[in-house]
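If you want the building blocks of each chain, they are given just below.
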Amino acid sequence: MTQPIDKLKTSPFARRLSIAKTSLNIGKNWAKSSVGSLFMSQDEKAAAKHTLLQEQADYLVAELGKLKGSVVKVGQMLPLYGEHFLPQQVLDALHTLDANTTPLAWHIIYDAIKAELGERVSDFEIERAPIGTASLAQVHKAVHKYTGREVVLKVQYPGVAQSIDSDLSIFKHLLKITNAVPQTKALDAWFGEIGELLHREVDYTLEANTTKRFAAYLADDSRYVVPTIYDNYSTPRLICMSFEHGVSLNDDTLKQLPQDRKNALGQAAIEVVIRELFEWGEMQTDPNFGNYLVRYEDGIDKLILLDFGAIKQFDPHLLTIARGLITAGYSQDKDAMMAAMTGYNFFDKLTGKPKSDMADVFLMACEPFAQAARLNAVHDGNSPHLDADGRYIWAESDLYARVMTTAKNGMQSLEFTLPPKEMMFISRKFIGAYALLVALDARTDADGLVGKFAQS
């Protein structure tokens, strides 16, 4: 069992020093390896380099996890864009930097809660063991002594809000030292967008209001549950909300559900993503499975939506582009897809075959949202990705792997650039949603998802 962290490095100096030591140790190990490989054969050198790279990647991720805060958040997001250019060992290590990071010791968390609530902290019986840990906060279940109501207290780690800008600078410097990514204006824009999102994410008053707004969006749909916010116990660094009973999406009981129930859950999950783009113009961009629970109640499998910190609001122009891409995907019309890509700087720079290849990638990525008849036509009348009722079979589609292979093959002649910052969070959410639907083994109906928007 992982031991809780008993002391958190919160000052910019301490965090920079920690990263500096990590970088220095990595550099020393590479130097020792270079000397030690002088008398090795080429095959032995390659094997030794592979082993050392994996060890150093694991070490780096372990050290980042101890810091918590923004460096962890950026490290979690990097694999999404690193598949084109980062070594597999680094990608594998970064994928372990998930939301279940090492918890902080209870005395630190209690002091943080008391700093926010003052004497009102005595209104609760708080469980010492967290029910959730993440890069920016820790979540503890509690009981309100006077009402018996079960609640959760999401408390921000001390000092993380003040260290965001310094953390981003640290991470950029680390990338520069390791030559992990090209140092371009696109990277600067990417980090700028991350910084803006993180500053919003540590504003818990904003998150509380967003949670209420999404609760209002879904108030008339019995398939969804959004926690209730208790304003009298919430602050800019702590949120008190209702505890919602449910099972995680990784729970084995969900795999045993009848196919129609799995389909209904999958349809509900992906429908939220579509409505975020087509109706609400804002998206919860963190695709972590831990942000969802499932509860069977009143004869309905309900999807519980838990976290509304990483919300991104999109400008009308980008929404028009995104809606156009999905609508073209619904009709599986390449000419429409090419037209939908027009008017957006990243796409407008592409011409000829690269632009055509990009359109093919988007058409494939939109398969789950394609009208059944159109998708069947693409596959000579019988798509292997649809069941007899025209529903998309997520678990058997191998969609993500096919999209990535097509993208790499089609773009080999182009110099790699980071995805445009405006598209970054949308693609991140869709990749997470794809993984969720595969895990659920759900089958979804594109007409019910996109049909009404494509025909309006």
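Up top you'll find the structure we're talking about.
Read on for a plain summary of the structure.

About the criteria used
Residues numbered from 1 in each chain as written. Predicted model: local features only at pLDDT ≥ 70, side-chain atom pairs only at ≥ 80, totals over all residues. Heavy atoms only, no water. Helix = DSSP H or I, 4+ residues; strand = E, 2+ residues; numbered from the N terminus. Salt bridge = Lys/Arg side-chain N within 4 Å of Asp/Glu carboxyl O. Buried < 20%, exposed > 50% of the residue type's maximum accessible area, 1.4 Å probe, protein only. Pairing = 2+ DSSP bridges. Contact = heavy atoms within 4.5 Å. Axes fitted to C-alpha atoms, helices over the stretch in contact; angles between N-to-C directions. Expected span 1.5 Å × (residues − 1). Arc of directions from axis to C-beta. Parallel < 35°, antiparallel > 145°, perpendicular 65-115°, else oblique. Left-handed = near helix turned anticlockwise from the far one by under 90°. Nonpolar A, V, L, I, M, F, W, Y, C, P; charged D, E, K, R; others polar. Polar contact = N/O pair within 3.5 Å; in protein donor to acceptor, adjacent residues only side chain to side chain. Core = buried A, V, L, I, M, F, W, Y, C linked by side-chain atoms within 4.5 Å.

This brings us to unusual backbone geometry. Positive phi values are uncommon outside glycine, yet Asp-298 reaches one of about 55°. Along the chain, Asp-298 turns up in the loop between β9 (292-297) and β10 (300-305).

Within the structure shown, the criterion is met by 18 salt bridges. Residue Asp-252 is joined to Lys-255 by a salt bridge in which the shortest nitrogen-to-oxygen separation is 3.6 Å. Of this pair, Asp-252 and Lys-255 both sit in helix α9 (residues 252-255), three residues apart, which is roughly one turn of the helix. Comparing Asp-252 with Lys-255 shows no difference in burial state: the two are exposed. Lys-429 is paired through a salt bridge with Glu-276; the nearest N and O atoms lie 3.0 Å apart. Of this pair, Lys-429 sits in helix α17 (residues 421-440) while Glu-276 sits in helix α10 (residues 259-280), placing them 153 residues apart in sequence. Just as Lys-429 is buried, Glu-276 falls in that class too. Shared partners join several salt bridges into a network, and the residues in it are Lys-154, Glu-207 and Asp-307.

What the four strands build is an open sheet, ordered β5-β10-β9-β7; its pairing is mixed. What marks the edges here is a single partner per strand, and that holds for β5 (224-225) and β7 (247-248). Examined bridge by bridge, β7 and β9 share two bridges and lie antiparallel to one another. Its bridge partner lying in β9, Val-247 is registered against Val-294. Helix-sheet contacts for α10 involve β5, β9 and β10, and the interaxial angle to β10 is about 30°.

Right, let's get into helix α5 (residues 106-117). In this model α5 runs 16 Å from its N-terminal to its C-terminal C-alpha over 12 residues, within 8% of the 16 Å that 1.5 Å per residue would give. Inspection of α5 places Trp-106, Ile-108, Ile-109, Ala-112, Ile-113 and Leu-117 among the buried residues, and these make up the whole buried set. The buried residues of α5 occupy an angular sector of 165° when the element is viewed end-on, so they sit on one face. Packed against the buried residues of α5 are β1 (124-126), β3 (137-144), β4 (150-156) and β6 (238-242). Following α5 by one or two positions, Gly-118 has its phi on the positive side, about 65°.

As a packed pair, α10 and helix α11 (residues 316-331) sit with axes 9 Å apart at the nearest point and diverge in direction by 130°. Compared by their axis directions, α10 and α11 come out oblique. For the crossing formed where α10 meets α11, the hand is left-handed. Along the contact surface, α10 presents Ile-274, Leu-277 and Phe-278, while α11 presents Leu-319, Ala-322, Arg-323, Ile-326 and Thr-327. Residue composition of the contact of α10 with α11, grouped by class: six nonpolar, one polar and one charged.

Turning our attention to helix α18 (residues 446-454). Among the residues of α18, Ala-446, Leu-449, Val-450, Gly-451 and Phe-453 are the ones counted as buried. The secondary structure elements touched by the buried residues of α18 are α10, α11 and β13 (443-444). Of the residues flanking the start of α18, the one acting as N-cap is Asp-445, its side-chain oxygen 3.2 Å from the backbone nitrogen of Asp-447.

Leu-277 and Phe-369 are the most contacted members of the largest nonpolar core, which totals 67 residues. Counting 20 residues, the second largest nonpolar core, distinct from the first, contains Leu-117, Ala-142, Leu-153 and Tyr-157.

Next up on the list: the side chain of Thr-444. Counting through the fold element by element, Thr-444 comes out in strand β13. For Thr-444, a relative accessible area of 0% gives the class buried. Only 2.8 Å separates the side chain of Thr-444 from the side chain of Trp-394, close enough to count as a polar contact. The residues touching Thr-444, leaving out its near neighbours within four places in the chain, are Gly-266, Gln-267, Ile-270, Arg-391, Tyr-392, Trp-394, Leu-437 and Leu-449.

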